[in-house]
Amino acid sequence: MKIVSIRNIHVGEGIPKIIVPLMGKNTDQLLLEIKTIKKASPDIVEWRVDVLDEVENINVVKQTLSIIRETLFPTPLLFTFRTHREGGNKVIDDTYYKKLLKEVIQTKEIDLVDVELFSPNVTDIVDTAKANDVFVIMSNHDFENTPVKEEIIWRLRRMQELGAHIPKIAVMPKIPTDVLTLLDATYTMKSLYADRPIITMSMASTGVISRIAGEFFGSAATFGSGIEASAPGQIPVEELRKILETLHTN
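An unreviewed UniProt entry lists the protein under the name 3-dehydroquinate dehydratase, from Psychrobacillus vulpis. Database annotation for the protein, UniProt heading Pathway (unreviewed entry): "Metabolic intermediate biosynthesis; chorismate biosynthesis; chorismate from D-erythrose 4-phosphate and phosphoenolpyruvate: step 3/7." UniProt annotates the protein under Catalytic activity (unreviewed entry) with the comment "3-dehydroquinate = 3-dehydroshikimate + H2O".

(A) The UniProt feature "binding site: 3-dehydroquinate" (unreviewed entry) in the protein, seen in detail. As recorded in UniProt, the sites labelled "binding site: 3-dehydroquinate" (unreviewed entry) are E46, W47, R48, R82, R211, S230 and Q234. Inspection of the secondary structure puts E46 in strand β4 (residues 44–48). Structurally, W47 can be placed in strand β4. For W47, a relative accessible area of 0% puts it in the buried group. Sequence-distant contacts of W47, that is, excluding residues within four places in its chain, are made with L22, L30, L52, V61, T64, L65, I68, L77, L78, F79 and T80.

(B) Local environment of the packing of helix α2 (residues 58–72) against helix α3 (residues 94–107). In contact at an axis separation of 11 Å, α2 and α3 are set at 35° when each is read in the N-to-C sense. The two elements α2 and α3 meet at a crossing, and its hand is right-handed. Of α3, the residues touching α2 (which contributes I58, V61, K62 and L65) are Y96, K99, L100, E103, V104 and T107. Partitioned by chemical class, the residues of the contact of α2 with α3 number 6 nonpolar, 1 polar and 3 charged.

What counts as what
- Residues numbered from 1 in each chain as written.
- Predicted model: local features only at pLDDT ≥ 70, side-chain atom pairs only at ≥ 80, totals over all residues.
- Heavy atoms only, no water.
- UniProt positions renumbered as here; feature names shortened; annotations may be inferred.
- Helix = DSSP H or I, 4+ residues; strand = E, 2+ residues; numbered from the N terminus.
- Buried < 20%, exposed > 50% of the residue type's maximum accessible area, 1.4 Å probe, protein only.
- Contact = heavy atoms within 4.5 Å.
- Axes fitted to C-alpha atoms, helices over the stretch in contact; angles between N-to-C directions.
- Left-handed = near helix turned anticlockwise from the far one by under 90°.
- Nonpolar A, V, L, I, M, F, W, Y, C, P; charged D, E, K, R; others polar.

Written out as structure tokens, the structure reads:
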């Protein structure tokens, strides 16, 4: 199993790492969020740029990114535009998605970039990230269902094949056994196929256990909420850290 080391954070080693999203719509809101989040010492901060009011202006995105990077440094920064088809806040075309991610990667002001598995430009974006020493979290989100175990594993393995440093999948449970499907797929993936860290989660209140039990099934990181959650079922970061530390210690 490869360890992915981002600055002084080693994903795939020890206690699952906590990723906290920034959900501000403008610079003032983002700076307020950062001030609050920094007190909780997150392992990685994710900027959900699809929430930004002026996300369709790349110059504004880059200017805002520079402010975030300077204020957060040296905390690792993950840049994410979550597309509308996977639960994001804004509809953009695939051409702009590719342009946005590639230009931001080339600033070298981010440590990680989220690239959606089913993006038509995934290979081009991954190549750009690797050329600029930016780690790729390749992701897939199903806000409607939990696919069968074999499909979950296939998607995670496909992410490995496409060069993701960290494959990630999030699914929506309709019944408690859907959570077991996700955890079973996670354990099988880690045991038989994964040669790098993976991140998996089952969303909403039914899936909360998957966000805290990842260490035992093979998920190397989890998402905790700061001022605002980026997905249903996220636990506030301070509470999440206490739970993870208790489980890890015992």
